[in-house]
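# Residue-level structure breakdown
What follows is each chain in one-letter form.
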Amino acid sequence: MGARRPGPTGTARWENWARTEHADPCRVARPRDLEALVREVRTATADGTRVRAVGAGHSFTGAAVTDGVQVHLDALAGVEQVVPQPDGSALVTVGAGIRLRALNAGLAARGLALRNLGDIDVQTLAGAISTGTHGTGAGLGGLATQVVGCRLVTASGDVVEVSATQDPDLFELARLGLGTAGVLAAVTLHAVPAFRLRAREEPMALHDVLDDLDRLVDDNEHFEFFWFPHTDGALTKRNNRVTDGDERPLSPLRHLVDDEVLSNGVFELTNRLADARPTLVPRLNAIACRALTARTYTGASADVFVARRRVRFREMEYAVPRASVPDVLREVDAWLRRTGEPVPFPLEVRFAAADDLWLSTAQGRATGYVAVHQYHRMPHRRYFDAVERIVAQVDGRPHWGKLHGLDHHRLADLYPHLPDAQRVRARVDPAGTFRNTYVDRVLGPVT
Ligand SMILES: Cc1cc2nc3c(=O)[nH]c(=O)nc-3n(C[C@H](O)[C@H](O)[C@H](O)COP(=O)(O)OP(=O)(O)OC[C@H]3O[C@@H](n4cnc5c(N)ncnc54)[C@H](O)[C@@H]3O)c2cc1C
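Residues numbered from 1 in each chain as written. Predicted model: local features only at pLDDT ≥ 70, side-chain atom pairs only at ≥ 80, totals over all residues. Heavy atoms only, no water.

With that settled, the discussion passes to the overall build of the chain. Each helix and strand in the chain was counted, giving 14 helices and 20 strands. What you see for the chain is a C-alpha radius of gyration of 21 Å, in line with the 22 Å of a compact globule of 447 residues. Principal-axis analysis of the C-alpha atoms places the extent of the chain at approximately 60 × 50 × 40 Å. The 447 residues of the chain split such that 59% are buried. Pairs at least 24 apart in sequence give 72% of the contacts found in the chain among residues at least 6 apart. Charge-centre separation for the chain: the mean point of 54 positive side chains lies 5 Å from the mean point of 55 negative side chains. (Helix = DSSP H or I, 4+ residues; strand = E, 2+ residues; numbered from the N terminus. Rg over C-alpha atoms; globule rule 2.2 N^0.38 Å. Buried < 20%, exposed > 50% of the residue type's maximum accessible area, 1.4 Å probe, protein only. Contact = heavy atoms within 4.5 Å. Lys, Arg positive; Asp, Glu negative; His and termini not counted. Charge placed at Lys NZ, Arg CZ, Asp CG, Glu CD.)

So, in structure tokens, the structure goes:
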């Protein structure tokens, strides 16, 4: 991700991590502080120029794309305030541009942690919450559910603090709203006391995972699995808090072999081979399955949640009712077997509790997430379209930051609060300063 060659506007052309989107902003702004950010937004609104904050560019969609002012918040990325709570947790206010890796380190230094995380930590906090980034855990919500307050600069250039008690409607859009409420300058999170996790990774047959899914999901704080297409092989991951003092750190050699060589180095080569000889994919996946081994280790929560992803890919992820996961996977399996579509990348399946955030993919229902990936050099459209047809039958909701083909007409059927979000946008941004093409497509124009 990042600036590459100059675009037609003279600014460096911006590209997202997946190389699915690029932008030629008319201006790139890196405000040094809140006052500078306010000036940027005020001037842009007065000129009728659009504004879009960008994080780490890890959305696969055009969520961060703009032809207006592109705002980078790397300077607003410190830990501002920590308010301890009687139960040992704390309300932590941080600059919205902070990277998750720095946030995790800052929390750890204070004996704190986030309750749940996704599987990488390079995103900004603002970018992650704005698209509904999540991890796994049947009793837990995504990152935005851990947000208790936001400071944002609205289109008028006002700095407002919002929370469940201070303009709760605007808070809804601020904590998960694709940057349409304004530019997030700071975010207050409810952090928990630091904790350690025991990770148990175990290969299983997919049909056994699906037959026993409820028990696996409910018996573990964080359960997920990866399924290798064209095979019946899955790798299950169970992360649970260490309560008995059992410490089993992963040896540096095992970490190097499993997480760097097999998950990144060899995996890149496998994908290149798959691209060159697609007919080999079922055999390559079968070999990958046979190479899977069980392992158990413990570590600080953030270290266990997070992995490195160096092999570039395209991804689509749908939130479906949790009970639908087995049927969805069986249908995807049937489609892959019928068509022989070469897919070297495993599917990832995760879980979340129902929540009540207006635009959360888990709003109002216990959720299973089915994520499909394709190596970036290989075609993904036919595969993703097929999976999209399958999840449509169970009212699947797409991750806001990952590829999908839905627009606001269909999304309004899936999100009962989408009209509320539009009402708030019309109130705080009537001129559409924070619009872009993707937002227009998925939320609709501001009326
Ligand atoms: C390798 C990889 C792994 C991933 N793993 C996961 C995962 O485990 N779980 C998951 O749910 N998702 C995952 N994602 C998706 C990713 O978390 C989201 O797309 C996230 O939005 C990326 O954050 P970012 O900082 O790159 O934001 P960007 O993609 O740069 O921006 C995302 C949105 O946030 C807005 N925004 C950014 N900063 C601000 C601000 N200050 N104020 C207002 N709006 C702002 C942007 O305008 C845009 O609409 C992954 C993506 C990749 C590429």
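On to the site of the ligand. Around the ligand, 36 residues are found, and the nearest of them are Ala53, His58, Ser59, Asp119 and Thr131. Gly55 is positioned with one of its backbone polar atoms (N or O) 2.8 Å from an oxygen atom of the ligand. Contact between the ligand and Asp119: an oxygen atom at 2.6 Å from a side-chain N or O atom of the residue. Listing elements by their share of the shell around the ligand, those giving two or more residues are β5 (51-54), α3 (125-130) and β12 (183-193). (Near = heavy atom within 4 Å. Polar contact = N/O pair within 3.5 Å; in protein donor to acceptor, adjacent residues only side chain to side chain.)

What follows is about the nonpolar core. Core analysis: the biggest nonpolar cluster contains 105 residues, and Leu103, Leu125, Phe225, Leu329, Leu359, Tyr383 and Trp400 have the highest contact counts within it. Here this core spans two domains, since at least three of its residues come from each of domain 1 (82-194) and domain 2 (196-398). Counting 15 residues, the second largest nonpolar core, distinct from the first, contains Leu37, Leu73, Val153 and Phe434. (Core = buried A, V, L, I, M, F, W, Y, C linked by side-chain atoms within 4.5 Å. Domains from an automatic or database assignment.)

Next up on the list: the packing of helix α4 (residues 168-175) against helix α13 (residues 418-428). With their axes 10 Å apart at the nearest point, α4 and α13 run at an angle of 100° to one another. Our classification of the angle between α4 and α13 gives roughly perpendicular. The segment α4 lies against α13, with Asp169, Leu170 and Leu173 engaging Ala421, Arg423, Val424, Arg425, Arg427 and Val428. Counted by class, the contact of α4 with α13 contains five nonpolar, no polar and four charged residues. (Axes fitted to C-alpha atoms, helices over the stretch in contact; angles between N-to-C directions. Parallel < 35°, antiparallel > 145°, perpendicular 65-115°, else oblique. Nonpolar A, V, L, I, M, F, W, Y, C, P; charged D, E, K, R; others polar.)

Attention now moves to the sheet that holds strand β16 (residues 295-300). In space, the eight strands of this open sheet follow the order β16-β13-β15-β14-β18-β19-β17-β20, with antiparallel pairing throughout. With one partner strand each, in any of the chains shown, β16 and β20 (397-398) form the two edges of the open sheet. Examined bridge by bridge, strand β13 (residues 196-205) and strand β15 (residues 233-241) share nine bridges and lie antiparallel to one another. Directly across from Arg200, in β15, lies its bridge partner Arg238. Helix α11 (residues 381-392) rests against β17 (313-321), β18 (347-352) and β19 (367-375) of the sheet, and its axis sits at about 5° to β17. (Pairing = 2+ DSSP bridges.)

What follows deals with the pattern of salt bridges. If you walk through the whole model with that rule in mind, you get 36 salt bridges. Between Asp121 and Arg101 there is a salt bridge, and its shortest N-O distance comes to 3.0 Å. Linking Asp121 in the loop between β9 (112-113) and α3 with Arg101 in helix α2 (residues 100-109), this pair joins segments that are 20 residues apart in sequence. (Salt bridge = Lys/Arg side-chain N within 4 Å of Asp/Glu carboxyl O.)

What follows concerns the sheet that holds strand β6 (residues 69-72). Strand order in the open sheet formed by three strands is β4-β6-β5, and the pairing between neighbours is parallel. Edge positions in the sheet fall to β4 (27-29) and β5, since each of these pairs with one other strand and no more. Going from strand to strand, the sheet's axes swing by 25° on average, the running direction of each strand aside. Here three bridges tie β4 to β6, and the two strands are oriented parallel to one another. Within β6, the residue paired with Ala29 across the bridge is Val71. Against the sheet, helix α1 (residues 34-47) touches β4, β5 and β6, its axis set at about 165° to β6.

This next bit is on the UniProt feature "domain: FAD-binding PCMH-type" (unreviewed entry) in the chain. As recorded in UniProt, the feature "domain: FAD-binding PCMH-type" (unreviewed entry) lies at residues 21-194. The span residues 21-194 is 22% helix and 29% strand, and its two end C-alpha atoms sit 37 Å from each other. (UniProt positions renumbered as here; feature names shortened; annotations may be inferred.)

By convention here, two paired aromatic rings are described through the distance between centres and the angle between planes. One pass over the structure, following the stated rule, counts ten aromatic pairs. Both rings, one in Phe313 and one in Phe345, keep their centres 5.4 Å apart while their planes meet at 50°; by these two values the pair is tilted. Of this pair, Phe313 sits in strand β17 while Phe345 sits in the loop between α10 (325-339) and β18, placing them 32 residues apart in sequence. Neither Phe313 nor Phe345 differs from the other in exposure class; each is buried. It is Arg115 that lies over the ring of Phe195; its NZ or CZ is 5.5 Å from the centre. Directly above the aromatic system of Phe195 lies the positively charged group of Arg241, at a separation of 4.0 Å from the ring centroid. (Phe/Tyr/Trp six-rings, centres within 6.5 Å; stacked < 30°, edge-to-face > 60°. Lys NZ or Arg CZ within 6 Å of the ring centre and 35° of its normal.)

So, about the side chain of Gln70. Positionally, Gln70 belongs in strand β6. Only 3.0 Å separates the side chain of Gln70 from the side chain of His72, close enough to count as a polar contact. Setting aside residues up to four positions removed in sequence, Gln70 forms contacts with Trp14, Pro25, Arg27, Val28, Ala29, Arg52 and Val54.

A word on the environment of His230. Along the polypeptide, His230 turns up in the loop between β14 (222-227) and β15. In this view, His230 contacts Val281, Pro282, Asn285, Leu336, Gly340, Glu341, Pro342 and Val343; residues no more than four positions away in its chain are not counted. Separated by 3.0 Å, the side chain of His230 and the backbone oxygen of Glu341 make a polar contact. Engagement of the side chain of His230 in a polar contact is seen with the backbone nitrogen of Val343, the distance being 3.3 Å.

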